[in-house]
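Residues per chain, in single letters:
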Amino acid sequence: MAARVTFRVLFGGEEDARKLSIESGIPRTVEDLALKINTFFEVTEKFRLQYKDKDMDNQFMNLLSTSELEDKGTLKVVYMLCETTRSAPLTEDACCTIPGTPSKASSSSQEPSDSDSHSSNDTIVLSSPETRSCPWPRSFVVPRFSSCAEIMLQKGNDEFKAQGTVLCPTPKVRSDILEGLAEEIIKYTAYPRDEQLEEVAKALIQSHPCLLEKVTRTGYCGWKHYLKIKIMNFRTKLSRAGHPEVAINSLKNKRSGQQSPAANIKKPRKGDVNFCPNIPSGETKHSLEMERVALLMEVKKKKRDEALIKEKMQRTFSLRRQEVLQEPKIPEFFNKWPALFDVIEINLEFMRLTTVPLTSTFLRELDRLTGDLIRVFNTKGGAAGEKIGAMMAKMENNQDINVRRDCVLRCLSIYLCEDLDTLVKEYVDIECSEAEADVAGTTMAIYTVQAEGDDHDGPGGLFADVGMVLEGVKVLNNLKSINHACVMLYGLIYALNLSYPKNLKYTLEAYQKILMDLESSKPSPKVRALKLKLLR
């Protein structure tokens, strides 16, 4: 039996060193070792490994074979920049993951019920070089700057290491540095948050310690301030160049009454990566509109070509997003883009927007956290605790995975002092058409129709139909369960750029920041408290 080995793993630099122990000994291949690191440290970005080579005076070299490793050695994780490529397949593995990471198919194969049939729909093809393929990285990689700037920085770093002397860059060099950082930031977002700018400034000082500001509290406050101004100026340039993500917020593109710089800024707020993509090279709005018309005709056919529909939906993604951001009425948009209101296409659209699979990720994380969620729910007292207890009792003797998921989602809402029943309308002994007519006047609702002859009370009954209504329009039906409907509603909120309804804003925020792990750095106090309790 192989002896237990331990490695010191550096993430970015000496300031972030972590311990990795492997009971089965040194892995046979680099891919196996990378998988261990990916699993143990929950790394999601694509990376390569380096090791300290004794023949090169313990300098870090790329690891090509695990035969170079020994117990208590030092490894370094080097994040690789995600590049966007025309017609490059985008899967959960291809986007910011390492070779050897379990694929969606393998991870979703453990999920019973409806998640199995949709996990294969999480693969899309990027339509243009302008489409982003990666979310904001966990560790920002400082790019190379101009040759002049790199020479000065190298010299400055050497002097700082030898004498502790900081570099005072010339205005030209500072401008080159800020320009390079701004261009790198724009690869991920045109509207970086304050903490992201701070992360970039910190990464700059870690990569080039000669730029340290000794008179500031953090050592990089000035660089963060410079970056904030640079990004604002950079957005102005992008707007003049016609970049849609920025141009949409220009004064001439705003509605009457909102023509002020700070009014109704449209930007990613829920982890969208491709919030407003560019029109693909070689296409125009007119050519994409012709594609939309052809798509509409194909959808109306009795024998539809599903592959052609997927292709045209992908090709018209940028046009559709620009229309969505103009906040059209749901009935009007439904008539123009009926193909979007389909389980498969909602999954694909969510993947295009966030680069994260929807159904498989949501249900996998829900199942993984179910035990911890129940533990936290059981600590709730008062009237909410009684409701949770009654809901838990309904799933104790029921092995149906959908019953379990439905109950957990209902309990989650109750725990957050909300009520999923304000969204879900249940009907018993009624025709499906009558249920649809009853909810037709609601803004947002999920309806369920109990199967005839099923006397089960509450979650777990057999449903004749589960559907969804938005602004009085039935957008989905024949869903399999309430949890499946919740996943689809969450996906449509992204696809249609809708705000979370006020009576369920914490529930949907928990979906986003706990289950989907999107834009999760600053949760609300309620969701943060739940997240901390789950980690105990």
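Residues numbered from 1 in each chain as written. Predicted model: local features only at pLDDT ≥ 70, side-chain atom pairs only at ≥ 80, totals over all residues. Heavy atoms only, no water.

A.B. asks: So, the pattern of salt bridges: which residues are in play, and what are the values?
C.D. replies: According to the stated counting rule, one finds 29 salt bridges in the structure shown. For the salt bridge of E70 with K54, the shortest nitrogen-to-oxygen distance reads 3.1 Å. Here the residue E70 occupies a position in the loop between β4 (59-62) and β5 (74-79), and K54 occupies one in the loop between β3 (47-53) and β4, the gap between them amounting to 16 residues. For the salt bridge of D421 with R410, the shortest nitrogen-to-oxygen distance reads 2.4 Å. Taken as a pair, D421 in the loop between α16 (401-415) and β8 (424-427) and R410 in helix α16 lie far apart in primary sequence, 11 residues in all. Ionic contacts of the salt-bridge type, sharing partners, join the residues R193, E195, E519 and K522 into one network. (Salt bridge = Lys/Arg side-chain N within 4 Å of Asp/Glu carboxyl O. Helix = DSSP H or I, 4+ residues; strand = E, 2+ residues; numbered from the N terminus.)

A.B. asks: Go over the packing of helix α11 (residues 317-324) against helix α13 (residues 343-354), please, and point to the residues and values.
C.D. replies: At a closest axis distance of 12 Å, the pairing of α11 and α13 adopts a crossing angle of 85°. As the angle between them shows, α11 and α13 are arranged roughly perpendicular. When α11 is examined against α13, the residues F317, R320 and R321 are found in contact with a partner set consisting of E349, R352 and L353. Of the residues in the contact of α11 with α13, the class split is two nonpolar, no polar and four charged. (Axes fitted to C-alpha atoms, helices over the stretch in contact; angles between N-to-C directions. Parallel < 35°, antiparallel > 145°, perpendicular 65-115°, else oblique. Contact = heavy atoms within 4.5 Å. Nonpolar A, V, L, I, M, F, W, Y, C, P; charged D, E, K, R; others polar.)

A.B. asks: An account of the nonpolar core is requested, with residue identities and associated values reported.
C.D. replies: Among the nonpolar cores identified, the biggest contains 78 residues, and Y490 and Y511 are the most heavily contacted of them. Tallying contributions element by element places helix α18 (residues 482-495) first for this core, with 11 residues. Those residues in contact with Y511 that sit more than four places away from it in its chain are F362, L409, L412, L420, C486, Y490 and M516. (Core = buried A, V, L, I, M, F, W, Y, C linked by side-chain atoms within 4.5 Å. Buried < 20%, exposed > 50% of the residue type's maximum accessible area, 1.4 Å probe, protein only.)

A.B. asks: Any details on unusual backbone geometry? Residues and values, ideally.
C.D. replies: Located in the positive-phi region is N478, a residue other than glycine, with phi close to 60°. With respect to the helices and strands, N478 occurs in the loop between β11 (473-476) and α18. Even without being a glycine, E519 presents a positive backbone phi close to 50°. With respect to the helices and strands, E519 occurs in the loop between α19 (505-515) and α20 (525-535). E519 gets classed as partly exposed once you look at its relative accessible area, which sits at 25%.

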